[in-house]
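Given next are the chains, with one letter for each unit.
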Amino acid sequence: MKSPLRPTATCRPPLPKDFLWGTATSSYQIEGAVDEDGRGKSIWDIFSHTPGKIEDGSTGDRANEHYHRYKEDVALIKALGVKAYRFSIAWPRVFPEGFGQPNPEGLDFYDRLVDELLANGIEPYATLYHWDLPQALQDRVGGWSSSDTSKAFADYAAHVAARLTDRVKNVFTVNEVGRFVNFGYGWGIDAPGLKLPTAQLNQARHHVALAHGLAVQAIRAAGRVGTRVGPAENIAACVPAIPTPENIRAAEIATRELNAGFLGVVLEGKYTEGFLAYAGADAPKFTAEELKIIGAPNDFVGLNIYAPQYYVTASDRAPGFHVLPFPTSFPHMNSDWLRVGPEVIYWAPRLAAKIWNIENIYISENGTSSEDKISADGQVYDLDRIMFLRNYLSQMQRATAEGVPIRGYFLWSLMDNFEWIFGYGKRFGLYRVDFETQARVPKLSAAFYRDVVARNAIGG
Ligand code: NOJ
């Protein structure tokens, strides 16, 4: 007798043919080797060594020892079948004091890494700033509180561009301004641990936007013709609670207003009236010349997408949207902050592309932490990560099918690493890392992702 059960379609339609699959990490989270080859201190070295700042009392001193194990790690990337890798360059390796004389050995490691990636058919996507500000800049000028840091960043960007853009064709400037400014300079949670008043916080964010704009200029001037550049931002992602035309419009207004302090000014060359009115006397001080620099065209926009930040509905009253409260029962992943809302990876790029006319979007980060225990058979069955990826990737595929210009996707993260204030307690990797032995073991999600990449479609 024939079984009444028939295999159902096991995968959703493919993604665009040239879709770029990748994975991502950042310097302080994986490199270790903090005192080697002339590296200066970063604000995260000082912060992580300050008692009470990191949940498990750990630091990035050793981390994944990637500085020495990079060849092994490139092989791990290759085994996934992905064609791109997003990593970050540690500014204090290149300019130990933040500015002045570059360290002659500062870029050697990245030179080697880039060569190894290319030799393995993996396209390098370099991020210039993934939070490891040289401590000397913090001490001397107050870090992002000063536009001197913006200028120093441009010099650093020029130096990197001159040396690497013969091989690195894509550069992200700054990573997650929406996090590191607020958490580091506003709430004292991240390095450098400051709690500045709102006006100074807005000014610091403006200096980061200026740094981005100056870096774009510097890369265009010092880099090879054709080098592509853009930010990687954790867009405040607004989702229509029910997708009626009115609510979709409300989500669009909310996305524009709630991202006005960085993405908005970068992509429009001005702060919205709503942002300036809301900030009032605390609004940042700026010149027309600065806005011109900040608003210079980008080649792409990177969006780091994790949790939906706000569900909204339409409102007749200004500003035109309601932000709905989250019930305490809303589900989240292993990281408490990571509320599960797969549709966010559909809406955020769709709305951003419409509001700012973006032609090229990369999902510069997406992923989740998971308990990631080793089972008795030695395997890591991270079914929650697979569930998360399946759902998010399906929504991403929904977006590309509708023509939203998402060109690539970088899964966070290649391997477990130093998860900032959570230390090594939160594991985001496709590979499990034993931080004692430094052994890397593929989790089940690595096989899941390899299958997605190989078929260019989402299974299950
Ligand atoms: C965003 C950050 O860019 C990255 O450094 C961090 O590890 C992930 N989110 C996960 O929290």
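This section reports on the structure supplied with the text. (Residues numbered from 1 in each chain as written. Predicted model: local features only at pLDDT ≥ 70, side-chain atom pairs only at ≥ 80, totals over all residues. Heavy atoms only, no water.)

1. A few points about a nonpolar patch on the surface
(1) Moving on: Together, Tyr381, Leu383 and Leu444 make up a nonpolar patch on the protein surface, roughly 280 Å² of accessible area in all.
(2) Moving on: Turning to its location among the elements, Leu444 is positioned in helix H16 (residues 444–455). (Patch = residues over 30% accessible without salt bridge, like charges linked within 9 Å, V, L, I, M, F, W, Y side chains within 5 Å. Areas by Shrake-Rupley, 256 points an atom, 1.4 Å probe, with all protein chains shown as cover. Salt bridge = Lys/Arg side-chain N within 4 Å of Asp/Glu carboxyl O. Helix = DSSP H or I, 4+ residues; strand = E, 2+ residues; numbered from the N terminus.)

2. What to know about the packing of helix H8 (residues 177–186) against helix H9 (residues 198–222)
(1) Moving on: At a closest axis distance of 10 Å, the pairing of H8 and H9 adopts a crossing angle of 140°. Classified by the angle their axes make, H8 and H9 are oblique. Relative to H9, H8 is oriented so that their crossing is right-handed. Residue-level inspection shows Val177, Phe180, Val181, Asn182, Tyr185 and Gly186 of H8 in contact with H9, the latter providing Leu201, Arg205 and Val208.
(2) Moving on: Its residues assigned to classes, the contact of H8 with H9 comprises 6 nonpolar, 2 polar and 1 charged. (Axes fitted to C-alpha atoms, helices over the stretch in contact; angles between N-to-C directions. Parallel < 35°, antiparallel > 145°, perpendicular 65-115°, else oblique. Left-handed = near helix turned anticlockwise from the far one by under 90°. Contact = heavy atoms within 4.5 Å. Nonpolar A, V, L, I, M, F, W, Y, C, P; charged D, E, K, R; others polar.)

3. A closer look at the pattern of salt bridges
(1) Moving on: Under the criterion given, the structure shown has 30 salt bridges.
(2) Moving on: A salt bridge links Glu31 to Arg93; the shortest N-O distance between them is 2.8 Å. Pair noted here: Glu31 is in the loop between helix H1 (27–30) and helix H2 (43–48) and Arg93 is in helix H4 (residues 91–94), with a separation of 62 residues, a long-range link.
(3) Moving on: You can call Arg93 buried: its relative accessible area is 2%. (Buried < 20%, exposed > 50% of the residue type's maximum accessible area, 1.4 Å probe, protein only.)

4. A word on the sheet that holds strand E8 (residues 310–314)
The strands that make up a sheet are held in pairs by hydrogen bonds between backbone atoms, and each pair lies either parallel or antiparallel.
(1) Moving on: Strand order in the open sheet formed by 3 strands is E6-E8-E9, with mixed pairing between adjacent strands. With one partner strand each, in any of the chains shown, strand E6 (238–240) and strand E9 (321–323) form the two edges of the open sheet. Put simply, the sheet's adjacent strands are angled 40° from each other on average, direction ignored.
(2) Moving on: Note that E6 and E8 share 3 bridges and pair parallel. Bridged to Val239 within E8 is Tyr311.
(3) Moving on: Against the sheet, helix H10 (residues 245–258) touches E6, E8 and E9, its axis set at about 125° to E8. (Pairing = 2+ DSSP bridges.)

5. What to know about the packing of aromatic side chains
(1) Moving on: Applying the stated criterion across every chain yields a total of 46 aromatic pairs.
(2) Moving on: Ring centres of Phe109 and Tyr110 lie 5.0 Å apart, and the angle between their planes is 70°; on these two criteria the pair is classed as edge-to-face.
(3) Moving on: The class of Tyr110 is buried, set by a relative accessible area of 0%.
(4) Moving on: In this structure an aromatic cluster arises from ring pairing among Tyr28, Trp44, Phe47, Trp131, Phe418, Trp420, Tyr424 and Phe435.
(5) Moving on: In this structure, Arg86 is placed above the aromatic ring of Phe172, and the distance from its NZ or CZ to the ring centre is 4.9 Å. (Phe/Tyr/Trp six-rings, centres within 6.5 Å; stacked < 30°, edge-to-face > 60°. Lys NZ or Arg CZ within 6 Å of the ring centre and 35° of its normal.)

6. Details of unusual backbone geometry
Backbone phi values are negative for most residues with the exception of glycine, while trans is the configuration of most peptide bonds.
(1) Moving on: Here the residue pair Ala191 and Pro192 is connected by a cis peptide bond, since its omega of 5° sits within 30 degrees of zero.
(2) Moving on: Mapped onto the secondary structure, Pro192 falls in the loop between H8 and H9.
(3) Moving on: A cis geometry characterises the amide bond from Ala318 onward to Pro319, with omega recorded as 5°.
(4) Moving on: Notably, Ala33 is not glycine yet its phi reads approximately 50°, a positive angle.
(5) Moving on: Relative to the helices and strands, Ala33 is located in the loop between H1 and H2.
(6) Moving on: A relative accessible area of 12% places Ala33 in the buried class.
(7) Moving on: Here Asn357, not a glycine, exhibits a phi torsion of approximately 55°, which is positive.
(8) Moving on: Within the secondary structure, Asn357 is located in the loop between helix H14 (344–356) and strand E10 (361–366).

7. Comments concerning helix H11 (residues 260–268)
(1) Moving on: Counting buried residues in H11 gives 7 out of 9 residues, a clear majority hidden from the surface.
(2) Moving on: Those residues of H11 that sit buried are Ala260, Gly261, Phe262, Leu263, Gly264, Val265 and Val266.
(3) Moving on: Looking one or two residues beyond H11, the residue adopting positive phi is Gly269, at roughly 70°.

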